[in-house]
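Architecture and fold: a report
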Amino acid sequence: MADSMSIETSSIPGEDVRAHEGIREAVQGRYASAARIALDDAGSSCCGGGGAMRGVDPITSGLYDESDAPFDAALAASLGCGNPTALAELTPGEDVLDLGSGGGLDVLLSARRVAPGGMAYGLDMTPEMLELAERNRAEAGVENARFLQGSIEDVPLDDAMVDVVISNCVINLSPDKDAVLRESFRVLRPGGRFAVSDIVLLREIPDALRGVMSLWTGCISGSLLDADYIAKLTDAGFVDASIEVTRHYDRQALQEMSDQLAPESLPKGMTLDDALAALDGAFASAFIRAAKPGESA
């Protein structure tokens, strides 16, 4: 799920370039660590806590059932917040791009759905994740999947090359979401579909909490307000943009993630209870859909 991010000086108000680089390095480091654990066959975690938290993490638990995710190794390394392959309604012959493909689960599921005749591409910035994804692809025997290293703000594919763009809890990690959405629009063919799972904010959170690095790597601080997400998709050229909330996160769910909110990481004068109260009900997992104007082939 972790992906590359181009850092712009205007991406986060009040932060300088060094802070943006720090976010990028922290996100990449977190997911590189998760990939190394999975490569060692010890299981891995997700947007939430460490390996031991995987089974109870409120963001990533229960997203795929056994019939929908037969690739056990890729499922064990899944770092998402939804099931975008089900959302996208893929059909044979389509080409699909997964932004932030991580261990490759959604790419492998997509490849199965678009066969015969279709190709599934996975894009990720983290070498360890790409190694893990390629291992999972080989073990699953999937031939119509290809993994690429690169940035979701500068996708290494030609214009109008895919029919569907999917992503699973990754766009929220990018400080330059406008670039991500522009690139998604560029690589889609006319009539193509944008169908991603992501974390969205339902109301604003304190600015001080947006600077907590663990909340960035935990998929919260970088999240857009739902209305802002729609506006950015429209600005990028998409039509028929919509957001469907799939899972709310209340104080109890946040409590399960509280290992990310160590007291020393919080803004001065803010307690853990203060942070939980500020975040209670503020964010949710969602399906985000949009389309590129035009007639599909």
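The paragraphs below set out a description of the structure included in this document. (Residues numbered from 1 in each chain as written. Predicted model: local features only at pLDDT ≥ 70, side-chain atom pairs only at ≥ 80, totals over all residues. Heavy atoms only, no water.)

Membership of the largest hydrophobic core comes to 28 residues, with the highest contact counts inside it found for Leu97 and Phe194. The set of elements that each furnish at least two residues to this core consists of strand E1 (96–99), strand E2 (120–124), strand E4 (162–168), helix H6 (177–187), strand E5 (188–201), helix H9 (226–235) and strand E8 (283–291). Grouped together as the second largest cluster of nonpolar side chains are 18 residues, Leu108, Ala133, Ala145 and Ala195 included. (Core = buried A, V, L, I, M, F, W, Y, C linked by side-chain atoms within 4.5 Å. Buried < 20%, exposed > 50% of the residue type's maximum accessible area, 1.4 Å probe, protein only. Helix = DSSP H or I, 4+ residues; strand = E, 2+ residues; numbered from the N terminus.)

Once that is clear, we can look at the packing of aromatic side chains. Counted according to the given criterion, the structure contains three aromatic pairs. Judged by centre distance (5.2 Å) and plane angle (90 degrees), the ring pair of Phe185 and Phe238 falls under edge-to-face. Of this pair, Phe185 sits in helix H6 while Phe238 is found in the loop between H9 and strand E7 (239–248), placing the two residues 53 residues apart along the sequence. Arranged with centres 5.4 Å apart and planes meeting at 50 degrees, the rings of Phe194 and Phe238 form a pair that is tilted. Note that Phe194 is positioned in strand E5 and Phe238 in the loop between H9 and E7, a separation of 44 residues in sequence. The pair formed by Phe194 and Phe238 is uniform in burial state, with each residue classed as buried. By the ring-pair criterion, three or more aromatic residues cluster together here, those being Phe185, Phe194 and Phe238. The residue whose ring lies beneath Lys292 is Phe185, and the NZ or CZ to ring-centre distance is 4.7 Å. (Phe/Tyr/Trp six-rings, centres within 6.5 Å; stacked < 30°, edge-to-face > 60°. Lys NZ or Arg CZ within 6 Å of the ring centre and 35° of its normal.)

Glancing now at helix H5 (residues 127–140). With 14 residues, H5 extends 20 Å from end C-alpha to end C-alpha; this agrees with the ideal 20 Å at 1.5 Å per step. Every buried residue belonging to H5 is among Met129, Leu130, Leu132, Ala133, Asn136 and Arg137, and all of these are buried. Along the long axis of H5, the arc covered by the buried residues comes to 160 degrees, so they all point the same way. In H5, those exposed residues whose orientation departs by more than 90 degrees from the buried face are Glu131 and Glu139. Positive phi shows up at Gly141, right after H5, with a value of about 70 degrees. (Expected span 1.5 Å × (residues − 1). Arc of directions from axis to C-beta.)

The next thing to look at is the pairing of E4. The buried count for E4 comes to seven of seven residues, which makes it a mostly enclosed element. Inspection of the sheet shows E1 paired to E4 by four bridges, in the parallel sense. From the neighbouring strand, Leu97 faces E4, where its bridge partner is Val165. Relative to E5, E4 runs parallel, the two sharing six bridges. Residue pairing in the sheet places Ser167 in a bridge with Val196 of E5. In this fold, E4 hands off to H6, which returns the chain to E5; that crossover is right-handed. (Pairing = 2+ DSSP bridges. Right-handed = clockwise from strand over helix to strand, strands pointing away.)

Moving on to the pattern of salt bridges. Taken as a whole and judged by the stated rule, the model has 10 salt bridges. For Glu139, the salt bridge goes to Arg135, with nearest N and O atoms at 4.0 Å. Residue Glu139 and its partner Arg135 are both found in helix H5; the two are separated by four residues, about one turn of the helix. For Glu139, a relative accessible area of 56% puts it in the exposed group. Overlapping salt bridges, with partners in common, bring together Asp95, Asp163 and Arg189 in one network. (Salt bridge = Lys/Arg side-chain N within 4 Å of Asp/Glu carboxyl O.)

We now examine the environment of Pro92. Positionally, Pro92 belongs in the loop between helix H3 (84–88) and E1. Not counting the four nearest positions on each side in its chain, Pro92 is found in contact with Arg113, Val114, Ala115 and Pro116. (Contact = heavy atoms within 4.5 Å.)

Another aspect to go through is the pairing of E2. Burial runs high along E2: five of the five residues are buried. Side chains of E2 alternate between two faces, with Ala120, Gly122 and Asp124 and Tyr121 and Leu123 buried alike. By the bridge criterion, four bridges tie E1 to E2 in an arrangement that is parallel. Along E2, the bridge assignment pairs Val96 with Ala120. In the classification by handedness, the crossover that spans E1, the intervening helix H4 (residues 105–114) and the parallel E2 is right-handed. Note: E2 against strand E3 (residues 145–149), five bridges, orientation parallel. When the sheet's bridge partners are listed, Leu123 is paired in E3 with Leu148. Between the parallel elements E2 and E3, the chain passes through H5 in a crossover that is right-handed.

On to the side chain of Asp198. As for its placement among the helices and strands, Asp198 is situated in strand E5. No salt bridge is formed by the buried Asp198. Its closest oppositely charged neighbour is Lys177, at 7.4 Å. Only 2.3 Å separates the side chain of Asp198 from the side chain of Asn172, close enough to count as a polar contact. One polar contact links Asp198 to Tyr229, side chain to side chain, over a distance of 2.7 Å. (Lys, Arg positive; Asp, Glu negative; His and termini not counted. Polar contact = N/O pair within 3.5 Å; in protein donor to acceptor, adjacent residues only side chain to side chain.)

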